[in-house]
Amino acid sequence: MSLAAENEAIPCTIIGSGRVAASLAGAVRLYGIPDFRLDAVYARNSARAARIAPAGVQSGEVQDLETLSGIIFIAVSDDAIPDLAASLAKLPAEPGCLCCHLSGAVGLSGMLALQQKGVDVASFHPLQSFPEQADADCFNNIFISILASGEAPALSRLAEQFGSQAVMVTEAQKQKLHLSAVFASNYLVSLLRLAEQASKDIDADVLQMLRPLINTTLDNVYQTGTGAALTGPVSRGDAGTVKSHLHLIQSDQKLTQAYRVLGCVALERAQSSGRLNHEQIKALQKLLYL
Ligand SMILES: NC(=O)c1ccc[n+]([C@@H]2O[C@H](COP(=O)([O-])OP(=O)(O)OC[C@H]3O[C@@H](n4cnc5c(N)ncnc54)[C@H](OP(=O)(O)O)[C@@H]3O)[C@@H](O)[C@H]2O)c1
């Protein structure tokens, strides 16, 4: 069943008024996309929905939505998805409509009520970090993982029309991809917070000073892979330096634990790249293993 008559743009509705909803509303409008048309934005708070609805696009409260048609994007907090899906399942649904959330963590079972009603469901997870005031560009030139109960070719087409790449995933792959995204994005920020804390006594903007180092490291990872990009005391087998670092942070349990865990990961990577001899590995293991 198609989502719209031939040659007609697919009507899209967004539920939510947060970062992702705002960016998506802008993207569907901005990229001009001949195949898709944003009809409405609904949210718990109609004023917030109105703020992100582009000119000419209807807005209101979630309760104002009367019929499920085209693509309904559910861009709300993860925990709110099942209840919202259950209330949407009480509405009449036009043939071929598709309800789609944007969460990386929630699977399709989060929309069980809709599935039980016979509505097609999917997730359209942008591998992106959306800041406050996220704009349409956040959907451009990224990867978007798609998990769907049916084939959902419209979602792949939408990703392409955003200038992004769709990746079809299974439920298990989606969960793992989200886990990787948490390490790569959220915990990268945590790591930089640790870097800030490690030199909190220095009266300087340490994060700025580290910026070229961070950028070069990321470039190296993408040019040569994590093995060759690893530099520093662990990769050289400098146990003495590691020992003095641990001494420096001995009164800070959190920094010490993080240093050891990350040091173990670095040690495994250096070891698998064949860069350390047996004695170096033993000396580092003695310092880093808990
Ligand atoms: N932020 C990211 O970097 C990112 C990246 C990829 C995917 N996602 C996914 O995108 C989705 C939205 O995330 P976000 O970052 O846009 O969140 P957000 O900025 O915190 O916004 C959350 C939205 O959910 C609404 N909401 C919460 N509980 C609700 C309920 N019970 N009923 C109706 N609406 C409710 C909020 O409404 P109020 O304004 O009324 O509170 C708000 O509009 C999530 O599934 C998230 O996992 C986020």
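Residues numbered from 1 in each chain as written. Predicted model: local features only at pLDDT ≥ 70, side-chain atom pairs only at ≥ 80, totals over all residues. Heavy atoms only, no water.

A. Up close: the side chain of His 101. Looking at the secondary structure, you find His 101 in strand E5 (residues 98-101). Among the residues examined, His 101 registers a relative accessible area of 0% and is labelled buried. Only 3.2 Å separates the side chain of His 101 from the backbone oxygen of Gly 107, close enough to count as a polar contact. Every residue in contact with His 101, bar those within four places of it in the chain, is listed here: Ile 74, Ile 81, Val 106, Gly 107, Met 111, Ala 122, Ser 123, Phe 124 and Lys 174. (Helix = DSSP H or I, 4+ residues; strand = E, 2+ residues; numbered from the N terminus. Buried < 20%, exposed > 50% of the residue type's maximum accessible area, 1.4 Å probe, protein only. Polar contact = N/O pair within 3.5 Å; in protein donor to acceptor, adjacent residues only side chain to side chain. Contact = heavy atoms within 4.5 Å.)

B. Broad picture of the site of the ligand. Close to the ligand lie 19 residues, the nearest being Ser 17, Val 20, Arg 44, Asp 78 and Phe 130. One nitrogen or oxygen atom from the side chain of Arg 44 is found 2.9 Å from an oxygen atom belonging to the ligand. The protein chains hide 74% of the 900 Å² of surface that the ligand would expose on its own. Listing elements by their share of the shell around the ligand, those giving two or more residues are helix H1 (19-30) and strand E6 (120-126). Grouping the amino acids of the shell around the ligand by side-chain chemistry returns seven nonpolar, eight polar and four charged. (Near = heavy atom within 4 Å. Areas by Shrake-Rupley, 256 points an atom, 1.4 Å probe, with all protein chains shown as cover. Nonpolar A, V, L, I, M, F, W, Y, C, P; charged D, E, K, R; others polar.)

C. Representation of helix H7 (residues 206-229). In a regular helix each residue adds 1.5 Å, so 24 residues correspond to 34 Å; H7 covers only 22 Å between its end C-alpha atoms and thus falls short of that length. Where H7 is concerned, the buried positions are Val 206, Gly 227 and Ala 229. (Expected span 1.5 Å × (residues − 1).)

D. Highlighting the sheet that holds strand E1 (residues 10-15). Ordered by their spatial adjacency, eight strands build an open sheet running E3-E2-E1-E4-E5-E6-E7-E8, and the pairing between neighbours is mixed. A single partner strand is all that each edge strand has here, and the edge strands are strand E3 (58-61) and strand E8 (165-168). Geometrically, the sheet is characterised by an average inter-axis angle of 25° between neighbouring strands, direction not taken into account. Across four bridges, the pairing between E1 and strand E4 (residues 71-74) is parallel. Counterpart to Ile 15 in the pairing with E4 is Ile 74. Along the sheet, H1 makes contact with E1, strand E2 (36-43) and E4, crossing E2 at roughly 155°. Most of the contacts of helix H3 (residues 81-88) go to E4, to which it runs at about 150°, and overall it touches E1, E4 and E5. (Pairing = 2+ DSSP bridges. Axes fitted to C-alpha atoms, helices over the stretch in contact; angles between N-to-C directions.)

E. Spotlight on the pairing of strand E7 (residues 143-148). Where E6 and E7 come together, five bridges link them in antiparallel fashion. Counterpart to Phe 124 in the pairing with E7 is Ile 146. Of the strand pairs in this sheet, E7 and E8 are connected by four bridges, and their pairing is parallel. Pairing of Ile 146 across the sheet is with Met 168, part of E8. Crossover handedness for the path E7 to helix H5 (residues 153-161) to E8: right-handed. (Right-handed = clockwise from strand over helix to strand, strands pointing away.)

F. Spatial organisation of the domain arrangement of the protein. Under the domain assignment, the protein is made up of domain 1 (10-169) and domain 2 (177-288). The gap between the C-alpha centroids of domain 1 and domain 2 is 38 Å. Counting from both sides, the interface comprises seven residues of domain 1 and, opposite them, four residues of domain 2. Interface area, domain 1 with domain 2, both sides summed: about 360 Å², of which 80% is carbon and sulfur. (Domains from an automatic or database assignment. Buried area = accessible area lost by both parts, 1.4 Å probe.)

G. A nonpolar patch on the surface, seen in detail. On the surface, Leu 179, Phe 183 and Tyr 187 cluster together into a nonpolar patch covering about 350 Å² of accessible area. Checked against the element boundaries, Leu 179 lands in helix H6 (residues 171-198). (Patch = residues over 30% accessible without salt bridge, like charges linked within 9 Å, V, L, I, M, F, W, Y side chains within 5 Å. Salt bridge = Lys/Arg side-chain N within 4 Å of Asp/Glu carboxyl O.)

H. Representation of the nonpolar core within the structure. Of all hydrophobic cores here, the largest spans 40 residues; its most connected members are Ile 71, Phe 73, Phe 124, Phe 139, Leu 155 and Phe 162. In terms of residue count, H1 provides more of this core than any other element does, five residues in total. Every residue in contact with Phe 139, bar those within four places of it in the chain, is listed here: Val 20, Ser 23, Leu 24, Ala 27, Leu 102, Phe 124, Pro 126, Phe 130, Ile 144, Phe 162 and Ser 164. If you look at the next biggest cluster of nonpolar residues, it comprises 24 residues, including Leu 68, Leu 88, Met 111 and Leu 147. (Core = buried A, V, L, I, M, F, W, Y, C linked by side-chain atoms within 4.5 Å.)

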